[in-house]
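Structure assessment
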Amino acid sequence: MSYRGTLVNVIIVGGGIGGFTLALFLQRAGIGCKIYELAPEIRPLGVGINILPHASRELAALGLESALAEVSVLTREAVFFNRFGQLIYREALGRYAGYDDPQFSIHRGELQKVLVAAATERLGPDRIFTGWKCVGVDQDATGATARFQDTATGEAHAPQRADVVVGCDGLHSVVRKALHPHEGPPLYSGVNMWRGVSIWPSILSGASMVRAGWLANGKMVIYPIRDNVDGQGKQLVNWVAELETPKHKKRDWNRPGAINDFIGAFADWRFDWLDVPELIRQAEAILEFPMVDQDPLPWWSRGRVTLLGDAAHPMYPRGSNGAGQAILDARALADALVAHRDPAEALKAYETKRLPFTAQVVRMNRKNPPDAILREVFERTGDKPFRRIEDIISEKELAALSEGYKRVAGFDKQSLQAEAPLARQKL
Ligand SMILES: Cc1cc2nc3c(=O)[nH]c(=O)nc-3n(C[C@H](O)[C@H](O)[C@H](O)COP(=O)(O)OP(=O)(O)OC[C@H]3O[C@@H](n4cnc5c(N)ncnc54)[C@H](O)[C@@H]3O)c2cc1C
């Protein structure tokens, strides 16, 4: 699609996954933009995340597939176990399941590095501002203004003006707060999470995404995010322990966690395919954060200001869709700015396309994410070992639970194949 309007200038607030992906799509469409990031420097923070085929297709369209493949693991399968290490269900993922595009398991910091490197090269380093903390946004009939402070000194920077301001500033978004000042804080799900990465020999296929146990007594998600990190074939393995508990602190992605607060729940998880307590003990560092989200908003866009990614639709990290939905938003917003002459119309068109869709993912992540498979088995067995899984739940039912989530989140094979020609089309 060729660009028909005057060149819109866009202020991107927040240099995370969504902000940098948006910058790359805008650059490709010939739309000027600048990114303003709160952190004084962009450091590779976080732990593991997954990029599913619907999102990896968009990153491939930006020419990033091989850069991502170099620093990630091409995920092969999802495997579900109960807390006794018994296999419940196994299914192939990404290219191994016949998708055109892969599933990547990757360190969030590595993903961000790939995006930042591409943005620095394609936009130029003078378009990326670090140490700029957004403190407010205003607009009038001819433009939108973002106000910033220097993160280190607290001094005000000169206000920045553009045709459009996009809040890509994550869970505690200042832009969201400006648009929806009366919304309360993020909502706690009742589940707290501890995360880490450990250097470990390959588990199962060496590219398996393991989900095991259930939240009431302790659930684990485990998957490798980098191959051969020690020159001897060991992998960097990401793990997440999840436990129901009323105790939690405000979400801060960098809050250190204490091993003794959760390892007890996994003390006897010693399977012939993995020693879970030992995997946890091997972590270089442990991070703690609560599972939180927000109710879907009635609207994201007001005139020339809108929201994207976690700022627009924070969701429980239970379906590997947080980063993916931010990437899909970025593509949709760039498409809308190309298609509509009037910036406010473009932002509304973007919202119309993405808000109802992401609201469904937020709700599905609360009710029936992929790990609902574990809940079903937990409830039907009364949390006891089973003799044969077929006596508890049929393969067909298990597959239906998994497929139901894929359809809502937009990565079932049928929809992706149907959309393929459009998605691969150049802006
Ligand atoms: C440090 C960090 C670590 C993370 N670790 C994980 C993880 O291990 N696993 C996982 O699943 N998800 C993690 N996430 C969240 C994950 O990146 C997002 O859920 C998802 O990728 C959606 O991306 P996003 O761009 O909307 O938000 P984010 O990737 O969270 O990016 C938001 C960006 O906005 C910046 N920002 C915030 N406030 C302001 C402000 N006032 N002014 C300017 N900039 C601002 C933040 O510093 C950040 O760079 C992490 C996020 C962060 C910021």
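In what follows, the structure referred to is the one given above.
In what follows, the accompanying structure is described.

What to know about the overall build of the protein
- Secondary structure summary: the protein contains eleven helices and 20 strands in total.
- Its C-alpha atoms give the protein a radius of gyration of 21 Å, near enough to 22 Å, the size a compact globule of 427 residues would have.
- In terms of principal-axis extent, the alpha carbons of the protein reach across some 70 × 50 × 45 Å.
- Relative to its full complement of 427 residues, the protein shows a buried share of 55%.
- Across the protein, contacts joining residues at least 24 apart in sequence account for 74% of those joining residues at least 6 apart.
- As presented, the protein carries roughly 17,600 Å² of accessible surface, and 51% of it is formed by carbon and sulfur atoms.
- Each charge class in the protein can be summarised by its mean position, and for the 52 positive and 50 negative side chains these summaries are 2 Å apart.

Side note on the site of the ligand
- Taken together, the neighbourhood of the ligand is formed by 29 residues, with G18, E37, V47, R108 and D310 sitting nearest.
- One nitrogen or oxygen atom from the side chain of E37 is found 2.7 Å from an oxygen atom belonging to the ligand.
- In the complex, 89% of the free accessible area of the ligand, which totals 910 Å², lies under the protein chains.
- Counting only elements with at least two residues in the shell around the ligand, the list comes to α1 (17–29), β2 (32–37), β3 (48–51), β9 (132–139) and α7 (322–339).

Overview of the environment of D342
- Its location among the elements puts D342 in the loop between α7 and α8 (343–367).
- For D342, a relative accessible area of 31% gives the class partly exposed.
- Considered as a pair, D342 and K249 are 93 residues apart in the sequence and their alpha carbons are 43 Å apart.

Notes on the sheet that holds strand β8 (residues 128–130)
- Here we have five strands laid out as an open sheet, ordered β8-β2-β1-β12-β20, and parallel in their pairing. Each edge of the open sheet carries a strand with a single partner, namely β8 and β20 (305–307). Adjacent strand axes in the sheet meet at a mean angle of 20° when their direction is disregarded.
- With three bridges connecting them, strand β12 (residues 164–167) and β20 associate as parallel partners. Bridging across to β20, V166 finds its partner in T306.

A few points about the pairing of strand β14 (residues 208–214)
- Most of β14 is tucked away: seven of the seven residues are buried.
- Relative to β14, strand β5 (residues 77–81) runs parallel, the two sharing five bridges. Following the sheet pairing, F81 is matched in β14 by A212.
- The hairpin formed by β14 and strand β15 (residues 218–226) contains three residues between the paired strands.

Looking at α1
- Across its 13 residues, α1 extends 19 Å between first and last C-alpha, which sits within 8% of the 18 Å expected from 1.5 Å per residue.
- The buried fraction of α1 amounts to eleven of the 13 residues, a majority that puts the element mostly inside the structure.
- All of the buried residues in α1 are I17, G18, G19, F20, T21, L22, A23, L24, F25, L26 and A29.
- G30 lies just past α1 and shows a positive phi near 80°.

A short note on the packing of α8 against helix α10 (residues 395–409)
- One way to put it is that α8 packs onto α10 with a least axis distance of 8 Å and a crossing angle of 150°. Between α8 and α10, the angle falls in the class roughly antiparallel. Taken together, the residues of α10 that come into contact with α8 (itself represented by F357, Q360, V361, M364 and N365) are G404, Y405, V408 and A409.
- Partitioned by chemical class, the residues of the contact of α8 with α10 number six nonpolar, three polar and no charged.

Examining the sheet that holds strand β4 (residues 72–74)
- What the three strands build is an open sheet, ordered β3-β7-β4; its pairing is antiparallel. In this open sheet, the two strands that pair with only one neighbour each are β3 and β4. Pairwise comparison of adjacent strand axes, ignoring direction, gives a mean angle of 25° for this sheet.
- In this structure, β4 lies alongside strand β7 (residues 104–107), joined through three bridges in antiparallel fashion. Bridge pairing links S72 to I106 in β7.
- Across the sheet, helix α4 (residues 108–123) is in contact with β3 and β7; its angle to β7 comes to roughly 90°.

Some points on the side chain of Q294
- Checked against the element boundaries, Q294 lands in the loop between β19 (286–293) and β20.
- Its relative accessible area of 6% is what places Q294 among the buried residues.
- One polar contact links the side chain of Q294 to the main-chain carbonyl oxygen of G184, over a distance of 3.2 Å.
- Each residue touching Q294, except ones within four places of it in the same chain, is listed here: R176, E183, G184, P185, P186, L187, P314, V362 and R366.

Some points on the packing of aromatic side chains
- Using the criterion set out here, one finds 13 aromatic pairs in the structure.
- With centroids separated by 6.1 Å and ring planes inclined at 40°, the aromatic side chains of F80 and Y89 adopt a geometry described as tilted. Each member of the pair F80 and Y89 is classed as buried.
- On the basis of an interplanar angle of 80° and a centroid distance of 4.8 Å, the ring pair of F266 and W269 is categorised as edge-to-face. The same class applies to F266 and to W269, which are both buried.
- Here the aromatic cluster, defined as three or more aromatic residues joined through ring pairs, consists of F81, F266, W269, F271 and W273.
- Just above the ring of W299 sits the side chain of R302; from NZ or CZ to the centre is 3.7 Å.

The rules behind each value
- Residues numbered from 1 in each chain as written.
- Predicted model: local features only at pLDDT ≥ 70, side-chain atom pairs only at ≥ 80, totals over all residues.
- Heavy atoms only, no water.
- Helix = DSSP H or I, 4+ residues; strand = E, 2+ residues; numbered from the N terminus.
- Rg over C-alpha atoms; globule rule 2.2 N^0.38 Å.
- Buried < 20%, exposed > 50% of the residue type's maximum accessible area, 1.4 Å probe, protein only.
- Contact = heavy atoms within 4.5 Å.
- Areas by Shrake-Rupley, 256 points an atom, 1.4 Å probe, with all protein chains shown as cover.
- Lys, Arg positive; Asp, Glu negative; His and termini not counted.
- Charge placed at Lys NZ, Arg CZ, Asp CG, Glu CD.
- Near = heavy atom within 4 Å.
- Polar contact = N/O pair within 3.5 Å; in protein donor to acceptor, adjacent residues only side chain to side chain.
- Pairing = 2+ DSSP bridges.
- Axes fitted to C-alpha atoms, helices over the stretch in contact; angles between N-to-C directions.
- Expected span 1.5 Å × (residues − 1).
- Parallel < 35°, antiparallel > 145°, perpendicular 65-115°, else oblique.
- Nonpolar A, V, L, I, M, F, W, Y, C, P; charged D, E, K, R; others polar.
- Phe/Tyr/Trp six-rings, centres within 6.5 Å; stacked < 30°, edge-to-face > 60°.
- Lys NZ or Arg CZ within 6 Å of the ring centre and 35° of its normal.

Keep in mind these numbers describe shape, not what the thing actually does.
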